[in-house]
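Summary of structural features
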Amino acid sequence: MDPHRARSLVDLETGQISREVFFNQEIFDLEMKNLFPRSWLFVGHATQIPNPGDYFSSWMGSDPVLLTRDVDGGVYVLLNSCRHRGMKVCRYDEGNTMQFTCPYHAWSYSMDGSLVNVPGDLFGVPHMKAAYSGKLEKQDWGLVRCPKVYNYKGLVFANWDENAEDFLDYVGDFHWWLDNLADAFDGTPGDTEVFHGVLKWRIKSNWKFVSENFLGDTYHGASTHASVEAIGIGPGGRGKRRHGERQDQGGHSTGRMKTSFRNGHGASDNLAYEIAYPEFVEPEMNEYFDQAWATRKERLDAEGRRLGGRGPATMFPNMSFAAGFPRSILVAHPISPTETEVWRWFLTDKKAPEHVREWLRQYYMRYGGPAGMTEQDDMENWDYATQASKGVVAQRYPYNYQQGLGTEQLSELDRAVHSNHAISGEVNARAFYRRWSEFVDNLGWDELIEIAKSDDRIESIIRRQAEEAAAEVAAGKVNN
């Protein structure tokens, strides 16, 4: 196996990426082996399991998992596969129970994954004495626990690799976007919850098309979503944008330059893109969100924080979200090179009054998900791009990722750069596939961490700016 297999498909110098990245089965298998088991993945929200015994069924790459809360309030992520013959111990999407009992041979597990240890032959391992002469070491045969789990303001992430870097290091300064997602509209830390139910549907497309779309692709908006903009599905109704952006409440914007992180994360905006909450048709909605914006601005100003960073954004590799309108989380679960199962969660303030919650619920449904008007536009693009790209001749020709190549701008954030244009600029995508190739080629964690510490893009920008400054000086001397 070529140790540079994935990196050979990503040409950062010329801004070209092979279509094999999206359609090759061998590459997909390497993703399942080297990328997803070593990445920090979003599993679910803590408000989905508020009580002891609550559980939520999720996925991490190709592995089914259970997000659980035990009697002591501890949160666990468990492999949903019996240790005896591998049967799923839970086949429900969510619920409450005190133990999981495998329907095949009835091995029973507690909410922390351990084999139930109760005297007798009916619980834990049936017929323990007869089948194992009473010598089975139960403590060694519990459900497999994910060794790294992190609850970030209610957002629960997990990583199968016990040697992986800590969550906060993995995220870096991208955490500002996660803060805006998890915090309430007025800035109260972690004061959000998800609406009950997760939208789930499958598309005939590679999972990376989905992640890239929210990573920083604002280039497609005017053409893809023109009909959605025309009918006015957003807070302001007809004649207003679907997201409802406005700038008349004291917000300050330096332009919607994208933000690209060396570790693969990316956002469609930057922290200086301070756009106030929308103007609604309904006066009672304006009352709630005008007050929320004023409180948030006062709170963040006191902390010395910028008000921007609402996305859309993608946390590497497959969690996409927006912290504005709609406030939502999307996870692209890989099924095959050309099939993805998409999940969407929608968030609201815990303290939001009922009329606000109901308005948001209706808006979220008409905007996102399989029946949402904006999501349908995106799905059509991904599906048809897949159909037209997987042919023999089509795969001979790479995709073009040259927007903004060599014109990136410095950022005040650690190991991050910005695009030089509010609409175009594929710097985020180039960084995403660079990090993707490093994981898929199975670089060790020491090397992954080391190469991400120094962002050669920053060095290139500094060198380019020095050359431009020298050229200006030289030109000035000539003119004089």
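Thresholds, definitions, all that
- Residues numbered from 1 in each chain as written.
- Predicted model: local features only at pLDDT ≥ 70, side-chain atom pairs only at ≥ 80, totals over all residues.
- Heavy atoms only, no water.
- UniProt positions renumbered as here; feature names shortened; annotations may be inferred.
- Helix = DSSP H or I, 4+ residues; strand = E, 2+ residues; numbered from the N terminus.
- Rg over C-alpha atoms; globule rule 2.2 N^0.38 Å.
- Buried < 20%, exposed > 50% of the residue type's maximum accessible area, 1.4 Å probe, protein only.
- Contact = heavy atoms within 4.5 Å.
- Areas by Shrake-Rupley, 256 points an atom, 1.4 Å probe, with all protein chains shown as cover.
- Lys, Arg positive; Asp, Glu negative; His and termini not counted.
- Charge placed at Lys NZ, Arg CZ, Asp CG, Glu CD.
- Patch = residues over 30% accessible without salt bridge, like charges linked within 9 Å, V, L, I, M, F, W, Y side chains within 5 Å.
- Salt bridge = Lys/Arg side-chain N within 4 Å of Asp/Glu carboxyl O.
- Pairing = 2+ DSSP bridges.
- Axes fitted to C-alpha atoms, helices over the stretch in contact; angles between N-to-C directions.
- Polar contact = N/O pair within 3.5 Å; in protein donor to acceptor, adjacent residues only side chain to side chain.

UniProt's Sequence similarities (unreviewed entry) comment on the protein chain is quoted here verbatim: "Belongs to the bacterial ring-hydroxylating dioxygenase alpha subunit family."

On to the overall build of the protein chain, then. Across its full length, the protein chain holds 14 helices and 22 strands. Whereas a compact globule of 480 residues would reach a radius of gyration of roughly 23 Å, the protein chain reaches 24 Å, a difference of no more than 12%. Seen through its C-alpha atoms, the protein chain measures out along the principal axes to roughly 100 × 60 × 45 Å. Each of the 480 residues in the protein chain was classed as buried or not, and the buried ones make up 56%. When contacts within the protein chain are restricted to residue pairs at least 6 apart in sequence, long-range pairs at least 24 apart make up 66% of them. Carbon together with sulfur atoms contributes 51% to the accessible area of the protein chain, which is approximately 20600 Å² in total. Here the protein chain carries 52 positive and 68 negative side-chain charges, and the mean point of each set is 3 Å from the other.

What follows deals with a nonpolar patch on the surface. On the surface, Val392, Val393 and Tyr397 cluster together into a nonpolar patch covering about 330 Å² of accessible area. In this structure, Tyr397 sits in the loop between α11 (373–389) and β20 (399–400).

Turning next to the sheet that holds strand β6 (residues 75–79). Read from one edge to the other, the open sheet built from 4 strands follows the order β6-β5-β4-β7, with strand pairing classed as antiparallel. Where the open sheet ends on each side, the last strands, each with one partner, are β6 and β7 (94–96). Averaged over all adjacent pairs, the angle separating strand axes in this sheet is 30°, with direction ignored. Pairing between strand β4 (residues 54–60) and strand β5 (residues 63–69): 6 bridges, direction antiparallel.

Read across the open sheet, the 3 strands follow the order β1-β2-β20; overall the sheet is antiparallel. The sheet is open, and its two edges are formed by β1 (10–11) and β20, each paired on a single side. As paired strands, strand β2 (residues 16–17) and β20 are joined by 2 bridges and run antiparallel to one another. Among the inter-strand pairings, Gln16 is bridged to a residue of β20, identified as Asn400.

Here strand β18 (residues 328–336) lies mainly inside the structure; 8 of its 9 residues are buried. Two strands pair when backbone bridges link them, and strand β17 (residues 319–322) and β18 are joined in this way by 4 bridges, in the antiparallel orientation. Counted as the bridge partner of Ser320 is Leu330 from β18. Hairpin remark: β17 followed by β18, antiparallel, with 5 residues in the connecting loop. Relative to strand β19 (residues 339–349), β18 runs antiparallel, the two being bridged by 8 bridges. Its bridge partner being in β19, His333 is matched across the sheet by Glu341. Connecting β18 to the next strand, β19, in antiparallel fashion are 2 residues.

To continue, consider the side chain of Arg310. Within the element layout of this structure, Arg310 appears in the loop between α9 (283–303) and β16 (313–315). Lacking a salt bridge, the buried Arg310 has Asp269 as its closest oppositely charged neighbour, with an N-O distance of 6.6 Å. In contact with Arg310, other than residues within four places in its own chain, are Trp177, Asn180, Asp269, Ile275, Ala276, Tyr277, Trp293, Arg296, Ala322, Ala323 and Gly324.

A separate point is the pattern of salt bridges. Where charged atoms from two side chains of opposite charge come close, those side chains can pair. Taken as a whole, this structure holds 27 salt bridges when the rule is applied. Close ionic contact of Asp301 with Lys297 constitutes a salt bridge, the shortest N to O distance being 3.0 Å. In this pair, Asp301 and Lys297 are both assigned in helix α9, 4 residues apart and thus about one turn of the helix distant. Of the residues examined, Asp301 reaches a relative accessible area of 40% and is grouped as partly exposed. Taking the relative accessible area as the measure of exposure, Lys297 reaches 25% and is therefore partly exposed. As a salt-bridge pair, Glu408 and Arg430 come within 3.0 Å of each other at their nearest N and O atoms.

Let us look at helix α2 (residues 25–35). By the burial criterion, the buried members of α2 are Ile27, Phe28, Leu30, Glu31, Met32, Asn34 and Leu35. Where α2 begins, the capping side chain belongs to Asn24, and its oxygen is found 2.7 Å from the backbone nitrogen of Glu26.

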